[in-house]
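One-letter residues, chain by chain:
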2 protein chains.
Amino acid sequence: MSTDIRPRRRADAERSIVRIVSAARASLSEDPDATIDAIAAAAGVGRMTLYGHFKTRAELVEAALIDALRAGEETLSAVDLGGDARGALNRLLASSWALVAESAALLAAAQGVLPAGRIRDLHAGPGERIEELVRRGQHEGVFRTDLPIDWLVNVVHYVLHGAAEESRDGRIKTADVADVVTATVRSILDRPST
Amino acid sequence: MSTDIRPRRRADAERSIVRIVSAARASLSEDPDATIDAIAAAAGVGRMTLYGHFKTRAELVEAALIDALRAGEETLSAVDLGGDARGALNRLLASSWALVAESAALLAAAQGVLPAGRIRDLHAGPGERIEELVRRGQHEGVFRTDLPIDWLVNVVHYVLHGAAEESRDGRIKTADVADVVTATVRSILDRPST
DNA sequence: TGTAACTCGTACTTCGAAATACGACTTAGT
DNA sequence: ACTAAGTCGTATTTCGAAGTACGAGTTACA
């Protein structure tokens, strides 16, 4: 599943690919319209080398996005989700918002060149993590059940993205973001008392 | 403030401008990348006529956005904001989400060609309307005061946009959107019981 | 150490859409 | 009815960035 059945790649090629992908991730996270030339330069690699591995810009963007998601997955899998659902959620959000903020521009780039469905598919991982947590909270009786679970999961994403934007534009101090996000999301998910 | 001090325009020119702007609004709301040719065609006007009134694409997009916001403002100003803040909010949201959904693509187009600050300025109107309402709710003691008001206002926007997207992609039935949005926003704004 | 894989420069083509130029025709408004 | 303002077609230019072609040099690795 994760191993390519391709003809075989030389070690230096692997190295180039890694450098390119990570340069692409960095560049596109800065500027979603970063040019291929710029990315190649940032990777310290000739443009033609890049084209040797990624025939098209879309392919490159996709690889960068996948890499970012993989890294995010890695970070999030280190978060302790034990204990009650609310606490777990808080810890998860604290780690999540920074990831979202980091890759917001990259995501924008992807939205420009990849079909919406593809992007959604790639986000399946992070989505499931939250969905599972929401379900758990519902079973514990602390989270609401009066709205579709898909909406609950997605609205958390929207809030995270919003917070990332506010933070980027300096309307929320970085130190406050986590608190604001958790307070907001908690209000959304908590079982309404009324 | 709203009347141009320009040299003077002929009646047919005014008419052309109106047709162009409204065609631009419609076209860009369908496809944020709509070409100038397409817009001119949709307006039933020659491309050169369009260029006669809008020197650049950005100018045209801005005019379309302003027009959409003006129309929205008009719709929203018809909403009765009397009574308690919660009820007023519900009515406001019910009208708002459809407007947001309608012009989501247009907004995307604007984000591509206009500076972020400019877009934010143009949105001042709708923002104030909600802000005022939130303040009122705070005075009535029903809305929370533990988060910055700017965030509360903006997060409502993010939720509206999210709902519009969910609706567009068919993940929420149109009939349900208003309920989902109001329930969600209400949870966000209500004074937390804990 | 031989060779296939890889690197990478330079120069070129492609492409779509924005913007300009020019000029003939038509219409509004006094 | 006169004239400036407005319409609009066609043709051309501009532009940036994506992608292609070719080929010489370099490196991994069996």
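Residues numbered from 1 in each chain as written. Chains lettered and ligands numbered in written order. Predicted model: local features only at pLDDT ≥ 70, side-chain atom pairs only at ≥ 80, totals over all residues. Heavy atoms only, no water.

Chemist: I'd like a rundown of the relation of the copies chain A and chain B, residues and numbers included.
Modeler: For the pair chain A and chain B, the best superposition has an RMSD of 0.0 Å and corresponds to a rotation of 180° with a translation of 0.0 Å parallel to the axis. The transformation relating the two chain copies, once decomposed into turn and shift, fits a two-fold axis. An overlap of 100% is found between the interface residues of chain A and their copies at the interface of chain B, pointing to a shared contact surface. (Least-squares fit on C-alpha atoms with pLDDT ≥ 70 in both. Contact = heavy atoms within 4.5 Å.)

Chemist: So, the interface of chain A and chain B: which residues are in play, and what are the values?
Modeler: If you look at the interface, chain A gives 23 residues, while chain B gives 23 residues. Counting the surface chain A buries against chain B, the share from its top three residues, A:W151, A:Y158 and A:S187, is 29%. The salt bridge involving A:E166 is made with B:R120; its shortest N-O contact spans 4.0 Å. Contributions of two or more residues to the side of chain A that touches chain B are made by helix 9 (149-168) and helix 10 (174-189) of chain A. The element best represented in the side of chain A that touches chain B is helix 9 of chain A, accounting for nine residues. Split by residue class, the side of chain A that touches chain B holds eleven nonpolar, six polar and six charged. (Buried area = accessible area lost by both parts, 1.4 Å probe. Salt bridge = Lys/Arg side-chain N within 4 Å of Asp/Glu carboxyl O. Helix = DSSP H or I, 4+ residues; strand = E, 2+ residues; numbered from the N terminus. Nonpolar A, V, L, I, M, F, W, Y, C, P; charged D, E, K, R; others polar.)

Chemist: Give a detailed account of the protein's contact with DNA strand C, specifying residues and quantitative values.
Modeler: Looking at DNA strand C, there are 22 residues lining it, with A:R10, A:S16, A:T49, A:H53 and B:R57 nearest. Counted by atom, the contact set of DNA strand C within 4 Å of the protein is 61% sugar and phosphate. Take B:R10: an N or O atom from its side chain is 3.2 Å from a base oxygen of DNA strand C. Between DNA strand C and B:T35, the relevant distance is 3.5 Å, taken from a phosphate oxygen to a side-chain nitrogen or oxygen of the residue. Among the secondary structure elements, those contributing two or more residues to the surface near DNA strand C are helix 1 (11-30) and helix 3 (47-53) of chain A together with helix 1 (11-30), helix 2 (36-43) and helix 3 (47-53) of chain B. Looking at the surface near DNA strand C, the element that brings in the most residues is helix 3 of chain A, giving four residues. For the surface near DNA strand C, the residue count by class is seven nonpolar, six polar and nine charged. (Near = heavy atom within 4 Å. Polar contact = N/O pair within 3.5 Å; in protein donor to acceptor, adjacent residues only side chain to side chain.)

Chemist: Could you give an account of the protein's contact with DNA strand D, with specific residues and numbers?
Modeler: Surveying the vicinity of DNA strand D reveals 22 residues, the closest of which are A:R57, B:R10, B:S16, B:T49 and B:H53. Expressed as a percentage, the sugar and phosphate content of the atoms of DNA strand D within 4 Å of the protein is 62%. A distance of 2.6 Å separates a base nitrogen of DNA strand D from a polar side-chain atom of B:R10. Going through the elements one at a time, helix 1, helix 2 (36-43) and helix 3 of chain A together with helix 1 and helix 3 of chain B are the ones with two or more residues in the surface near DNA strand D. Ranked by the residues each element gives to the surface near DNA strand D, the list is headed by helix 3 of chain B, at four residues. For the surface near DNA strand D, the residue count by class is seven nonpolar, six polar and nine charged.

Chemist: Tell me what's going on with the UniProt feature "domain: HTH tetR-type" (unreviewed entry) in chain A, and back it up with residues and numbers.
Modeler: Sites flagged by UniProt as "domain: HTH tetR-type" (unreviewed entry) map to residues 14-72 of chain A. Spanning residues 14-72 of chain A, this segment combines 81% helix with 0% strand, and its end C-alpha atoms are found 22 Å apart. (UniProt positions renumbered as here; feature names shortened; annotations may be inferred.)

Chemist: Give a detailed account of the packing of helix 4 (residues 57-77) of chain B against helix 5 (residues 85-102) of chain B, specifying residues and quantitative values.
Modeler: Residues and elements named next belong to chain B. Closest axis-to-axis distance for the helix 4/helix 5 pair is 10 Å, and the angle between their directions is 160°. When the axes of helix 4 and helix 5 are compared, the pair comes out roughly antiparallel. Judged by the sense of rotation from one axis to the other, the crossing of helix 4 with helix 5 is right-handed. Here G72, T75 and L76 of helix 4 lie close against helix 5, whose contacting residues are L92, S95, S96 and L99. Each residue belonging to the contact of helix 4 with helix 5 can be placed in one class, and the counts come to three nonpolar, four polar and no charged. (Axes fitted to C-alpha atoms, helices over the stretch in contact; angles between N-to-C directions. Parallel < 35°, antiparallel > 145°, perpendicular 65-115°, else oblique. Left-handed = near helix turned anticlockwise from the far one by under 90°.)

Chemist: So what about the pattern of salt bridges? Which residues, and what values?
Modeler: Residue and element names in this part refer to chain A. Scanning the model with the defined rule gives 35 salt bridges over all chains in all. In this structure, D67 engages R25 in a salt bridge whose closest nitrogen and oxygen atoms are separated by 2.8 Å. Here D67 is found in helix 4 (residues 57-77), whereas its partner R25 is found in helix 1, with 42 residues between them in sequence. When its relative accessible area of 15% is taken as the criterion, D67 is described as buried. (Buried < 20%, exposed > 50% of the residue type's maximum accessible area, 1.4 Å probe, protein only.)

Chemist: Before we move on, can you summarise the UniProt feature "DNA-binding region" (unreviewed entry) in chain A with the specific residues and values?
Modeler: UniProt's feature table lists "DNA-binding region" (unreviewed entry) at residues 35-54 of chain A, given in the numbering used throughout. Between the end C-alpha atoms of residues 35-54 of chain A the distance is 14 Å, and the span holds 75% helix and 0% strand.

Chemist: How would you sum up helix 9 (residues 149-168) of chain B? Please name residues and give values.
Modeler: Residues and elements named next belong to chain B. Taking 1.5 Å of rise per residue, 20 residues should cover 28 Å, and helix 9 covers 29 Å from first to last C-alpha, within 8% of that figure. Of all 20 residues in helix 9, 16 are buried; the element is thus mostly enclosed. With its phi angle positive at about 75°, G170 sits one or two positions after the end of helix 9. (Expected span 1.5 Å × (residues − 1).)

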